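One letter stands for each residue in the lines below.
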Amino acid sequence: MTEVASMMTIGGKPVEGIDSMPVENPATGENFAEAPACSAAELDRAVCAARDTFPRWAGLPHQQRVTDLVDCANALDASVEEIAKLITLEQGKPLRESLAEVRLSAEWFRKTAELSAPSEEIPDSTGGNSRITMDRVPHGVVAAITPANFPVLLAVVKIAPALLAGNTVVLKPSPSTPLSSLRMGEVLNDALLPGALNVVSGRAELGPALTGHPYVNLISFTGSMHTGQRVARAAAPEFKRVVLELGGNDACILLPGIDVAGLAEEIFRRSMVNAGQFCAAIKRVYVARDQEQELVDALASLARSATVGDGMDPATDIGPLTTREHLESVVELVSDAVNNGGRVVTGGAPLDRPGHFFPPTIVSELGASTRLEGAEQFAPIIPVLAYDDVSSAVKRANGTHYALGGSVWGPEAEALDVAARLDCGTVWVNTHGDLRHDVPFGGRRASGMGVEYGYWGLLEYTQIKVTNVAQRPAS
Ligand code: NAD
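Residues numbered from 1 in each chain as written. Predicted model: local features only at pLDDT ≥ 70, side-chain atom pairs only at ≥ 80, totals over all residues. Heavy atoms only, no water.

1. A short note on the environment of Arg 96
Step number 1: If you trace the backbone, Arg 96 turns up in helix H4 (residues 95-113).
Step number 2: Classification of Arg 96 as partly exposed rests on a relative accessible area of 43%.
Step number 3: In this structure the C-alpha to C-alpha distance between Arg 96 and Pro 314, which are 218 residues apart in sequence, comes to 7.9 Å.
Step number 4: Ignoring anything within four residues of it in the chain, the contact list for Arg 96 reads Pro 314, Thr 316 and Asp 317.
Step number 5: At 2.8 Å, the side chain of Arg 96 forms a polar contact with the backbone oxygen of Thr 316. (Helix = DSSP H or I, 4+ residues; strand = E, 2+ residues; numbered from the N terminus. Buried < 20%, exposed > 50% of the residue type's maximum accessible area, 1.4 Å probe, protein only. Contact = heavy atoms within 4.5 Å. Polar contact = N/O pair within 3.5 Å; in protein donor to acceptor, adjacent residues only side chain to side chain.)

Below you can see the structure in the form of structure tokens.
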């Protein structure tokens, strides 16, 4: 068998696995490493290890788990370069962004360690003298299922609060980007009770096997809307709890008269994060019709001057798309836009070189109800959509299944008025996509259920348990 690059972590032990799968470098299109392909028996061992460890982990004093999370932060800090390199090799983003991702992940452990969900006394308001306590208790075994775009950070935003609340975890990264999560599992192992964090990697069948495992109590899932539907279905029969952080199709509305040329660079940057593979990237821009051309020209100029290339090259601004299948779906989406009257101003076709490179692309004059406006493209494409009045822009912005984020740019009072009419989990004014460890983030409608981050995110990893003590006279 080919040697695997990183091992699974099961019950505190490194596990190579009886099977393996190739991992592709999206910048070359070549397989560069092998990762374990977890078998059904190995998955069962991982979930059982989490279940067996749960009473001991949940029984530790809160302060001990705080210390362990800080130890995780330190362990990650000590491995930033190694893990960041794996992210770039398997996911594609520029190395400096991978370094930032791992550093932020270490910081996330520290910031999460400062949180707590203490018990509360509920006063007896009925005139009786019951003593009622509400505790926030852990669920048990958390299945953390993560997408390919930020493999380490999006794992840590689940692992840290889940562990702090007293749950144990089985983490399953995307088959496209398993190596950085596996290595993180190895690096964190010494900081945690064996079995508190288990990391398994595998092919397409591993996700359903994990969500269907009877010992999983809560599924914390980040990924696409369609996979989220499957996860919700899998959770239903046993009423497993779910947190679903799903796709977005964030609209950015520029109010009439705004300095579009001055804002173009920022809009471009906030669309092109990770080659557009960011849930809260700007995915469509609404602009007043008489300013459309000025914006299109400014964005096209930025697109033409961006350097697309291998994330390991320091000159690269925009890396490849992570998978070949996704690149093919993006080509199809642009072709559909063109068939519906869209004008590709620049970009629009994959680069003629190995790897999954799609250049920054500006599309204007889109026909009504095209898929490029209604679907999540998750690619370095900015559809510029002209409006005649702001109300019609709001209607179109709200007119998709998605409701993750959105933004309004313009004078604050006016922008706030429009922001109040946007139907999404987060609306930004004069910025977009700023996510913070202390502010809850989550989608409405098909963009998800529940929130992550901060105190409110921590609560998702707990459930309410009430103890109601009747006060009786001593007999
Ligand atoms: P994806 O849905 O293809 O995969 C996500 C994860 O689900 C992977 O680990 C995959 O192996 C697993 N999976 C696949 N089928 C499964 C099943 N039937 N049961 C259980 N698990 C299964 O998503 P992706 O392409 O890796 O990520 C991109 C998507 O994630 C985009 O839609 C993006 O917007 C979304 N996303 C959302 C957020 C957020 O916070 N809302 C953050 C990042 C990414």
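2. Some points on the packing of aromatic side chains
Aromatic ring pairs are reported here in terms of the distance separating the ring centres and the angle at which the planes meet.
Step number 1: Under the criterion given, the structure shown has four aromatic pairs.
Step number 2: Ring centres of Phe 150 and Phe 278 lie 5.8 Å apart, and the angle between their planes is 75°; on these two criteria the pair is classed as edge-to-face. Of this pair, Phe 150 sits in the loop between strand S7 (141-145) and helix H5 (153-164) while Phe 278 sits in the loop between helix H9 (260-272) and strand S13 (284-288), and the two are 128 residues apart along the sequence. Each member of the pair, Phe 150 as well as Phe 278, carries the same accessibility label: buried.
Step number 3: Note on Tyr 455 and Trp 456: the rings are 5.9 Å apart at their centroids and 80° apart in plane angle, and the pair reads as edge-to-face.
Step number 4: In this structure Trp 456 comes out as partly exposed when scored by relative accessible area, which is 44%.
Step number 5: Aromatic ring contacts, followed pair by pair, group Trp 108, Phe 441 and Tyr 453 into a single cluster.
Step number 6: The side chain of Arg 51 reaches across the aromatic face of Tyr 215, ending 3.8 Å from its centre. (Phe/Tyr/Trp six-rings, centres within 6.5 Å; stacked < 30°, edge-to-face > 60°. Lys NZ or Arg CZ within 6 Å of the ring centre and 35° of its normal.)

3. Some points on the side chain of Asp 68
Step number 1: Its place among the elements puts Asp 68 in helix H2 (residues 62-77).
Step number 2: Of the buried charged residues, Asp 68 lacks a salt bridge, with Arg 65 as the closest side chain of opposite charge at 7.8 Å.
Step number 3: Beyond its immediate sequence surroundings of up to four residues, Asp 68 is in contact with Trp 57, Leu 60, Ala 191 and Leu 192. (Lys, Arg positive; Asp, Glu negative; His and termini not counted. Salt bridge = Lys/Arg side-chain N within 4 Å of Asp/Glu carboxyl O.)

4. Points about the site of the ligand
Step number 1: What surrounds the ligand is a group of 29 residues, the closest being Thr 146, Ser 224, Thr 227, Leu 246 and Glu 376.
Step number 2: At 2.7 Å, a backbone N or O of Thr 146 approaches an oxygen atom of the ligand.
Step number 3: In this structure, Gly 223 approaches the ligand through a main-chain N or O atom, which is 3.3 Å from an oxygen atom.
Step number 4: Out of a free accessible area of 860 Å², the ligand has 86% covered by protein chains.
Step number 5: Listed by contribution, the elements that provide at least two residues to the shell around the ligand are helix H7 (206-211), strand S10 (218-222) and helix H8 (225-235). (Near = heavy atom within 4 Å. Areas by Shrake-Rupley, 256 points an atom, 1.4 Å probe, with all protein chains shown as cover.)

5. Some remarks on the layout of surface pockets
Step number 1: Estimated volume of the second largest pocket: approximately 210 Å³.
Step number 2: His 62, Arg 65, Arg 136, Leu 164 and Ala 165 are the residues nearest the centre of the second largest pocket, which is lined by 14 residues in total.
Step number 3: Elements with a minimum of two residues in the lining of the second largest pocket: H2 and strand S6 (131-138).
Step number 4: In terms of residue class, the lining of the second largest pocket is built from eight nonpolar, four polar and two charged. (1 Å grid on protein atoms, 1.4 Å probe; cavity = no way out; pocket = protein on both sides within 12 Å on 5 of 7 lines; lining within 4 Å. Points joined across faces, edges and corners; volume = space filled by probe spheres on them. Nonpolar A, V, L, I, M, F, W, Y, C, P; charged D, E, K, R; others polar.)

6. Quick look at the sheet that holds strand S14 (residues 343-346)
Step number 1: The strand order across the open sheet built from seven strands is S14-S15-S16-S13-S12-S17-S18, with neighbouring strands paired in mixed fashion. Two strands lie at the open edges of the sheet, namely S14 and strand S18 (426-429), each paired on one side alone. Looking at each pair of strands side by side, their axes are set apart by 25° on average, direction ignored.
Step number 2: In terms of strand pairing, strand S12 (residues 251-254) meets S13 through three bridges, oriented parallel. Across the sheet, residue Ile 253 finds its bridge partner in S13, namely Tyr 286.
Step number 3: The sheet strands contacting H9 are S12, S13, strand S15 (361-364), strand S16 (381-387) and strand S17 (405-409), and the helix crosses S16 at an angle near 135°. (Pairing = 2+ DSSP bridges. Axes fitted to C-alpha atoms, helices over the stretch in contact; angles between N-to-C directions.)

7. Some points on the side chain of Glu 373
Step number 1: Relative to the helices and strands, Glu 373 resides in helix H12 (residues 371-374).
Step number 2: Under the relative-accessibility criterion, Glu 373 is labelled buried at 5%.
Step number 3: For Glu 373, the side chain forms a polar contact with the side chain of Arg 396, separated by 2.9 Å.
Step number 4: Apart from the residues lying within four places of it in its own chain, the contact partners of Glu 373 are Asn 249, Arg 284, Tyr 286, Leu 366, Leu 385, Arg 396 and Thr 400.

8. Section: the packing of H2 against H4
Step number 1: Two numbers describe how H2 lies on H4: the axes approach to 8 Å, and their chain directions differ by 170°. One way to sum up the angle between H2 and H4 is to call them roughly antiparallel. The crossing of H2 and H4 is left-handed. Each of Val 66, Leu 69, Val 70, Cys 72, Ala 73, Asn 74, Leu 76 and Asp 77 in H2 lies in contact with H4, whose residues at this interface are Val 102, Ser 105, Ala 106, Phe 109, Arg 110, Thr 112 and Ala 113. (Parallel < 35°, antiparallel > 145°, perpendicular 65-115°, else oblique. Left-handed = near helix turned anticlockwise from the far one by under 90°.)

9. A look at the pattern of salt bridges
Step number 1: A complete count under the given rule lists 19 salt bridges for this structure.
Step number 2: Asp 77 is the salt-bridge partner of Arg 110, the closest N and O atoms lying 2.8 Å from each other. Here Arg 110, found in helix H4, pairs with Asp 77, found in helix H2; they are 33 residues apart in sequence, far enough to count as distant.
Step number 3: Look at Arg 110 and you get partly exposed, because its relative accessible area is 24%.

10. Remarks on empty space enclosed by the protein
Step number 1: Across all of its chains, the model carries one cavity of 30 Å³ or more by this definition.
Step number 2: Grouping the amino acids of the lining of the largest cavity by side-chain chemistry returns seven nonpolar, four polar and four charged.

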